[in-house]
Each structure stands twice: as structure tokens, then as C-alpha cells.
Amino acid sequence: MPLGFHRKPTGQPGEWFYCIKHGKVEEGPECPAKDRLGPYATPEEAAHALQTADERNREWQNDPRWKDEPSGEPKGE
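Here we summarise the structure given alongside this text. Predicted model, so just to flag it, every value in this text is computed and none were measured. (Residues numbered from 1 in each chain as written. Predicted model: local features only at pLDDT ≥ 70, side-chain atom pairs only at ≥ 80, totals over all residues. Heavy atoms only, no water.)

1. Some points on the pairing of strand β1 (residues 16-19)
Within a regular strand, the side chains alternate between the two sheet faces.
Now for step 1: Because side chains alternate across β1, one face comprises the buried residues Trp16 and Tyr18, and the other comprises Phe17 and Cys19, equally buried.
Now for step 2: Examined bridge by bridge, β1 and strand β2 (residues 24-27) share four bridges and lie antiparallel to one another. Note that in β2 the partner of Cys19 across the bridge is Lys24.
Now for step 3: Following β1, the chain reverses through four residues before pairing antiparallel with β2; Gly23 in that reversal takes a positive phi of roughly 65°.
Now for step 4: Where β1 and strand β3 (residues 36-40) come together, three bridges link them in antiparallel fashion. If you follow Trp16 over to β3, its bridge partner there is Tyr40. (Buried < 20%, exposed > 50% of the residue type's maximum accessible area, 1.4 Å probe, protein only. Helix = DSSP H or I, 4+ residues; strand = E, 2+ residues; numbered from the N terminus. Pairing = 2+ DSSP bridges.)

Here you go:
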């Protein structure tokens, strides 16, 4: 059997996660890492995980330190 199957999710009591598969906040965690965001310090923070991820993605997309153009070449050429 391939490694990684039937492993228990890792986490600590008091750590909160948001499961994107089930759309719920969980403590512990209950679901595999591929299906969750976190850990968060409180259930309220975990409940806003999708909003937090969206805000961070927007910040990173607009961060001038991250650009696809090679340095020294003007855009559009």
C-alpha cells in the first residue's frame, strides 16, 4: 500500500482549521491537510479562512516584488 494513506490528520487541541471540503470549522483537525486551511488561534479566525486567503492572494498579486517579467525588460515588448 502506498505511504500516506490512512494517516490520522495532525494537529493539536486548541488549533482551529477550516475544512474547504465540508465548509466547516473544526478543532484538532478532523480532515486531511489537503482539505483544510489553518491552523488558526480561534474558531472565529478559522470561520473567516476563505476571506483571509482571498485578501492575502490579492496582496500577493499586487506585490511589486513578485512579477513575471524578467528584470530590465519593459512590459509589453
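Let's pick the thread back up.
2. Some remarks on the sheet that holds β3
Now for step 1: If you walk across this open sheet you meet the three strands as β2-β1-β3, and the pairing is antiparallel. At either margin of the open sheet sits one strand with a lone partner, and together these are β2 and β3. Neighbour to neighbour, the strand axes of the sheet diverge by 25° on average, direction disregarded. (Axes fitted to C-alpha atoms, helices over the stretch in contact; angles between N-to-C directions.)

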